[in-house]
Amino acid sequence: MPENLLKGKKGIITGALDENSIAWQAALKAKEQGAKFVLTNAPIAMRMGAIKELADHCDTIIIPADATSVEDIEKLYDEAKEYLGGNFDFLLHSIGMSPNVRKGKPYGDLNYEWVQKSYDVSAISFHKMLQVAEKKDILNEWASVVGLSYIAAQRAFPFYSDMSEAKAILESIARNYGLRYGKLKKVRVNTISQSPTKTTAGSGIGGFNDFYDFADIASPLGNASAASCAEYIVTLFSDFTRMVTMQNLFHDGGYSSSGITQELIDVFMENNK
Ligand code: NAI
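Summary of the structure given here. (Residues numbered from 1 in each chain as written. Predicted model: local features only at pLDDT ≥ 70, side-chain atom pairs only at ≥ 80, totals over all residues. Heavy atoms only, no water.)

## A short note on the overall build of the protein chain
Along the backbone of the protein chain there are 11 helices and 6 strands. Relative to its length of 273 residues, the protein chain is compact, with a C-alpha radius of gyration of 18 Å against a globular reference of 19 Å. Along the first, second and third principal axes, the C-alpha atoms of the protein chain reach 65 × 45 × 40 Å. Considering only residue pairs separated by 6 or more positions, the protein chain has 75% of its internal contacts joining residues 24 or more positions apart. By element, 53% of the accessible surface of the protein chain is carried by carbon and sulfur atoms, the whole surface being about 13,200 Å². Of the charged side chains in the protein chain, 28 are positive and 33 negative, and the gap between their average positions amounts to 6 Å. (Helix = DSSP H or I, 4+ residues; strand = E, 2+ residues; numbered from the N terminus. Rg over C-alpha atoms; globule rule 2.2 N^0.38 Å. Contact = heavy atoms within 4.5 Å. Areas by Shrake-Rupley, 256 points an atom, 1.4 Å probe, with all protein chains shown as cover. Lys, Arg positive; Asp, Glu negative; His and termini not counted. Charge placed at Lys NZ, Arg CZ, Asp CG, Glu CD.)

## Some thoughts on the packing of aromatic side chains
Under the defined criterion, the tally for this structure stands at 12 aromatic pairs. On the numbers, 6.5 Å between centres and 90 degrees between planes, the contact of Phe159 with Tyr160 is edge-to-face. Residue classification places Phe159 among the partly exposed residues on the basis of a relative accessible area of 23%. The class for Tyr160 is buried, based on a relative accessible area of 8%. (Phe/Tyr/Trp six-rings, centres within 6.5 Å; stacked < 30°, edge-to-face > 60°. Buried < 20%, exposed > 50% of the residue type's maximum accessible area, 1.4 Å probe, protein only.)

## Let's talk about the pairing of strand E2 (residues 36-40)
Most of E2 is tucked away, with 4 of its 5 residues classed as buried. On the question of chirality, the crossover connecting strand E1 (residues 10-14) to the parallel E2 by way of helix H1 (residues 22-32) is right-handed. (Right-handed = clockwise from strand over helix to strand, strands pointing away.)

## Things to note about the pattern of salt bridges
Inspection of every chain in the model, using the stated rule, returns 12 salt bridges. Ionic pairing is found between Lys29 and Glu231, a salt bridge with its closest N-O pair at 3.4 Å. Here Glu231 lies in helix H10 (residues 226-237) and Lys29 lies in helix H1, a separation of 202 residues in the sequence. You can call Lys29 buried: its relative accessible area is 14%. Glu231 gets classed as partly exposed once you look at its relative accessible area, which sits at 34%. Between Asp239 and Arg242 there is a salt bridge, with its nearest N and O atoms 3.8 Å apart. (Salt bridge = Lys/Arg side-chain N within 4 Å of Asp/Glu carboxyl O.)

## A word on the side chain of Ser94
Inspection of the secondary structure assignment puts Ser94 in the loop between strand E3 (88-93) and helix H5 (99-102). In this structure Ser94 comes out as buried when scored by relative accessible area, which is 16%. With residues up to four places along the chain from it excluded, the contact list for Ser94 reads Thr14, Gly15, Ile22, Ala23 and Leu148.

## A closer look at the site of the ligand
Around the ligand sit 28 residues, and of these Ser21, Asn41, Lys167, Thr197 and Thr199 come closest. In the model, an oxygen atom of the ligand is placed 2.9 Å from a nitrogen or oxygen of the Gly15 main chain. In the environment of the ligand, a nitrogen atom lies 2.9 Å from a nitrogen or oxygen atom belonging to the side chain of Asp66. Taken by itself the ligand offers 820 Å² of open surface, and the protein chains cover 92% of this. Within the residue set of the shell around the ligand, elements represented by two or more residues are strand E4 (139-149), helix H7 (163-185) and helix H8 (200-203). (Near = heavy atom within 4 Å. Polar contact = N/O pair within 3.5 Å; in protein donor to acceptor, adjacent residues only side chain to side chain.)

## As for the sheet that holds E2
Strand order in the open sheet formed by 6 strands is E2-E1-E3-E4-E5-E6, with parallel pairing between adjacent strands. The sheet is open, and its two borders are formed by E2 and strand E6 (248-251), each paired with just one other strand. Neighbour-to-neighbour, the strand axes of the sheet open up by a mean angle of 20 degrees, direction not taken into account. By the bridge criterion, 5 bridges tie E1 to E2 in an arrangement that is parallel. The partner of Lys10 across the bridge, within E2, is Lys36. Along the sheet face, helix H6 (residues 112-136) touches E1, E3, E4 and strand E5 (188-194) and points at about 165 degrees away from the line of E3. (Pairing = 2+ DSSP bridges. Axes fitted to C-alpha atoms, helices over the stretch in contact; angles between N-to-C directions.)

## Examining a nonpolar patch on the surface
Judged by side-chain polarity, Ile260, Ile265, Phe268 and Met269 come together as a nonpolar surface patch covering roughly 420 Å² of accessible area. In this structure, Met269 sits in helix H11 (residues 262-271). (Patch = residues over 30% accessible without salt bridge, like charges linked within 9 Å, V, L, I, M, F, W, Y side chains within 5 Å.)

Right, here's the structure in full:
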């Protein structure tokens, strides 16, 4: 196992809700690899309490912030800078929520106020985190900013509803802010397109369990877990990936490049005997 990949690095990890969260696993891995960071989540998520355990384990603090609020992000950066004693080397955006998905609205009957909310929480908040970072000049040279995406940004998945467009916006922000921030200060910005993962956000999607099983047999390596995603995130925060920016990186056991697998054919044939 590599050691101390993030030694001396400081940052912010959003989105750890419980131990299933991708961000929770990322925090454990970042801590193990020597990083110092602050945890943050929406004030409502903090009331659920589990994140306190993670903060204790990681020997850090939690600063509540609604990622749709520029004022909250400004306060988060100011307080985190004071606590960490300097500017940041990494930011993890691990935030997603669609009221339409949550409330089971079909794609042909979307509530447009909720659509705005989905985009604001799941995508525009990424731009806000980057823009506030730029205005405050709070990122060090070669800092790495990572957001979490899903393949429904490129291909149609009936159950993913308005989150598909949210992820397409998120990935576009990574490209456009990556271009800007790379020129400005050598900051890199990428998204990781992750396998279906059994988390609160993931499991809230209709038919998730069936699709999870489908993706597992459609991927030569099987679905990537939250823990392995955390390892990938750490490599992107490390100095070993310095020239990677403006990318959407598939971390999905090969799903995005698979046409069909023998296992899928076998299941289909078995069911049609
Ligand atoms: P999760 O439910 O553990 O994490 C989502 C987080 O977003 C929660 O901690 C929640 O409190 C936070 N959040 C929601 N609204 C917020 C707001 N206004 N301000 C600040 N934080 C807010 O689920 P998971 O799966 O770990 O989600 C993390 C990211 O990974 C999301 O972007 C999600 O779309 C993405 N992703 C998840 C996949 C899955 O199958 N679980 C697959 C591909 C991507």
